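Fold and contact review
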Amino acid sequence: MDPIRVGIVSYGFSGFSPSVPSKSFREMVFEAASKAYAKVGLNPRTDVDAFVSCKEDFWEGISITDEFAPDQLGGALKPVFTVTGDGLLGIINAYMMIKTGAFDVIAVEAHGKPSEVMSYGDIERMAQDPIYLRPLAFPSYHTVKALEARAFMKYSNLTREDLGIYVSQSKRNGLLSNRAPHASSLTVDSYLSERELVGPLSHSDLAPRSDAALVFVLASEGRARELTDSPTWITGVGWATDYHTPSYRELGRDIATKNASEMAFRQAGLGDPGKQLAFVEADERYSFMALMEVSSMGLVKDLRQPLRSGDLSRDGSLPVNRRGGALSEGLPLEAHGLARLASACDLLDGTGAVVSNMGNTSAVLVVRP
Amino acid sequence: MTDFKVTPLSEDSFRNAIRESTSPRAVYDMAPGEAYTKFFEGLREGKILGTKCPSCGLVHVPPKVYCQYCYLPLTQWVEVKDEGFVETAVVVYIAAERERLEKPEVVGVIRLEGSGDRYRYPGLMHRICTEPEEVKSSRIMGAKVKARWATERKGSINDIECFEVVSWK
């Protein structure tokens, strides 16, 4: 029997604003879901077999928050599966569920309303080892990421100018997006004049926050072809989690993304992904992370060359975040990976890799028309 | 009887054990959203408002902007009487750590009049101002109750102090 292929047939979104005070997260998800279903004429009460919701209790301010997932998706009293992690992990779960043959159509949602989290830094602190790291009370969670940034820049021989090239190009890419309130034509010189905030990172290296919800609909091949003329096929998936303790992991490279990408590329039959991929949609909650992922996935040998020559720009041979990433859109917490996937679907003109990395968990998807 | 060799733990053993305490600080300012905002505005005026589904006819109290059963947007607002019937009720004698409350509290689910079927109806989980004995005897089941409104209302579910019995079944 041929393996079941899985395609993305539709998505919808709500928000992508620093704050959405007029709607609850459920109303935002309802808006995103209604758009996703309307595009392909689906009634979730009768036509969607299962639902996946991605969120975390501490960000929501609700314990056992999965109970608050079904209604707004049309999933009341139907199979609903929750993922405590980025939306791309939800897509991977839905992909596997369809692969079993037990489900034909699955909706996946992720959302974030960081504007409602008044003690943001304290919630981030709760992600640290409570016995050993938390009592050290470092001023902010950015500290860990700055250590990674420093180690990565050393490993890849990158300078602040190199980071500036990426930040400037990605924020300019965001100007072409309809969900990027923080996009700008920031120049490298302006970037370089920014004051250092933590380690090698300055203001424009840190993604601002945004409120957003996204809903995707996935379907088995037969059903996907009935629903749309242009599905986005998922041809490979991978994920991995690194150690949480910084001294136990390699800070200059993202081994979780490396392992996740090897898994995904193998499934997709990509022997030389650096040449075969037409684009990358990378996690951009910090500027350097997008570059670190490109490097860790083994897509380039020496980052400096493609970065400085423009190969990673939107007109280059391996464009990264062609409509900007979290630096332009803002970071909607668990929904960031789905924002990357949305851009991939919008511009799908070849085989691409979509990556999210939240905490130390990476997820990689390979998609193609 | 067998003799066990044991090393009893002293108070000092506990005092000297290495431990690390942590206090989560989780503060949120949540948007009630379109539906709850209008609902709370209604409560401030002494009204219980709901949204009516154009397909199944169910009036949603507490309201939503969508019907979770028909998956249709709800835009029709209706006022529901502040009277209803007790579907179920309990007497609560303990707090979260099972410590005895000084005064037990009666909590129930009120079916408000207007629409619905056996399991789906406009309704509120709220306090019921009645004697615990009326609950223990199950006399409260099916009793007709009415909202006791707070004198100072500020747009909150606590604008209803509790539901009081109007007549017994």
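These notes cover the structure that comes with them. Everything numeric in this text was worked out from a predicted model, so none of it was measured.

Regarding its fold elements, chain B presents 3 helices and 8 strands. Starting at the N terminus, the α and β elements of chain B follow one another as α-α-β-β-β-β-β-β-α-β-β. Here the C-alpha radius of gyration of chain B, 23 Å, is well above what a compact globule of 169 residues would show, namely 15 Å. By principal-axis analysis of the C-alpha atoms, chain B measures approximately 75 × 40 × 35 Å. Counting over 169 residues, chain B shows a buried share of 34%. Considering only contacts within chain B whose residues lie at least 6 apart along the sequence, 52% involve residues at least 24 apart.

Residue and element names in this part refer to chain B. Strand order in this open sheet of 3 strands is β2-β1-β3, and the pairing throughout is antiparallel. The outermost strands of the open sheet, each flanked by one partner alone, are β2 (59-60) and β3 (76-80). Direction of pairing for strand β1 (residues 48-52) relative to β2: antiparallel, over a ladder of 2 bridges. When the sheet's bridge partners are listed, K52 is paired in β2 with V59. Contacting β1 and β3, helix α2 (residues 33-44) runs over the sheet at an angle of about 145° to β1.

The next point concerns the interface of chain A and chain B. Opposite the 35 residues of chain A that make contact, chain B presents 23 residues. Carbon and sulfur atoms supply 59% of the area buried between chain A and chain B, which totals about 2300 Å² over both sides. Across the contact surface, chain A and chain B share 2 salt bridges. For D71 of chain A, the salt bridge identified is with K64 of chain B, shortest N-O distance 2.3 Å. Counting every contact that joins chain A to chain B gives 16 residue pairs in polar contact (both at pLDDT 80 or more). Where the side of chain A that touches chain B is concerned, the elements lending two or more residues are α1 (25-39), α2 (44-47), α3 (57-60) and α5 (120-125) of chain A. In terms of residue count, α1 of chain A provides more of the side of chain A that touches chain B than any other element does, 6 residues in total. For the side of chain A that touches chain B, a count of residues per class yields 17 nonpolar, 7 polar and 11 charged.

In this section: the environment of G316 of chain A. All names here are of chain A. Following the sequence through the fold, G316 ends up in the loop between α13 (304-309) and α14 (326-329). A relative accessible area of 22% places G316 in the partly exposed class. Placed 277 residues apart in sequence, G316 and K39 show a C-alpha to C-alpha distance of 32 Å.

All names here are of chain B. If you walk through the whole model with that rule in mind, you get 1 disulfide over all chains. Across the disulfide, C129 is cross-linked to C162 (sulfur-sulfur distance 1.8 Å). Torsion about the S-S bond of the C129 and C162 cystine: about -115°, corresponding to left-handed handedness. Highlighted residues: C129 in strand β6 (residues 123-129) and C162 in strand β8 (residues 160-167), separated in sequence by 33 residues. With a relative accessible area of 31%, C129 lands in the partly exposed category. The thiol of C56 is not disulfide-bonded; the next cysteine sulfur, from C53, is found 3.7 Å away.

Residue and element names in this part refer to chain A. Between the first and last C-alpha of helix α4 (residues 87-99) there are 18 Å, a value that for 13 residues agrees with the 18 Å anticipated at 1.5 Å per step. Taking burial as the measure, the 13 residues of α4 include 11 buried ones, the bulk of the element. Within α4, burial applies to G87, L88, L89, G90, I91, I92, N93, A94, Y95, M97 and I98. Just beyond α4, the residue with positive phi is G101, at close to 90°.

Another point: the pairing of β1 of chain B. Residue and element names in this part refer to chain B. Within β1, 4 of the 5 residues are buried, which leaves the element mostly enclosed by the surrounding structure. Where β1 and β3 come together, 5 bridges link them in antiparallel fashion. Note on β3: the bridge partner recorded for L49 is E79. Here β1 hands over to β2 after 6 residues, with G57 in that stretch at a positive phi of 80°.

With that out of the way, let us pick up the side chain of D159 of chain B. All names here are of chain B. Topologically, D159 is positioned in the loop between β7 (144-149) and β8. Summary of buried charges: D159 has no salt-bridge partner, and the nearest side chain of opposite charge, R153, is 5.4 Å away. Ignoring anything within four residues of it in the chain, the contact list for D159 reads L43, R44, R148, W149, A150, E152, R153 and K154.

Now for unusual backbone geometry. With an omega of -5°, the peptide bond between V61 of chain B and P62 of chain B qualifies as cis. Looking at where P62 of chain B falls in the secondary structure, it is placed in the loop between β2 and β3. One non-glycine residue, N157 of chain A, lies in positive phi territory at about 55°. Relative to the helices and strands, N157 of chain A resides in the loop between α6 (142-155) and α7 (160-173). At R98 of chain B, a position not held by glycine, the phi torsion is positive, near 70°. One can find R98 of chain B in the loop between β4 (83-94) and β5 (100-112).

Scoring rules and cut-offs
Residues numbered from 1 in each chain as written. Chains lettered and ligands numbered in written order. Predicted model: local features only at pLDDT ≥ 70, side-chain atom pairs only at ≥ 80, totals over all residues. Heavy atoms only, no water. Helix = DSSP H or I, 4+ residues; strand = E, 2+ residues; numbered from the N terminus. Rg over C-alpha atoms; globule rule 2.2 N^0.38 Å. Buried < 20%, exposed > 50% of the residue type's maximum accessible area, 1.4 Å probe, protein only. Contact = heavy atoms within 4.5 Å. Pairing = 2+ DSSP bridges. Axes fitted to C-alpha atoms, helices over the stretch in contact; angles between N-to-C directions. Buried area = accessible area lost by both parts, 1.4 Å probe. Salt bridge = Lys/Arg side-chain N within 4 Å of Asp/Glu carboxyl O. Polar contact = N/O pair within 3.5 Å; in protein donor to acceptor, adjacent residues only side chain to side chain. Nonpolar A, V, L, I, M, F, W, Y, C, P; charged D, E, K, R; others polar. Disulfide = S-S within 2.5 Å. Expected span 1.5 Å × (residues − 1). Lys, Arg positive; Asp, Glu negative; His and termini not counted.

None of this, on its own, says anything about what the molecule does.
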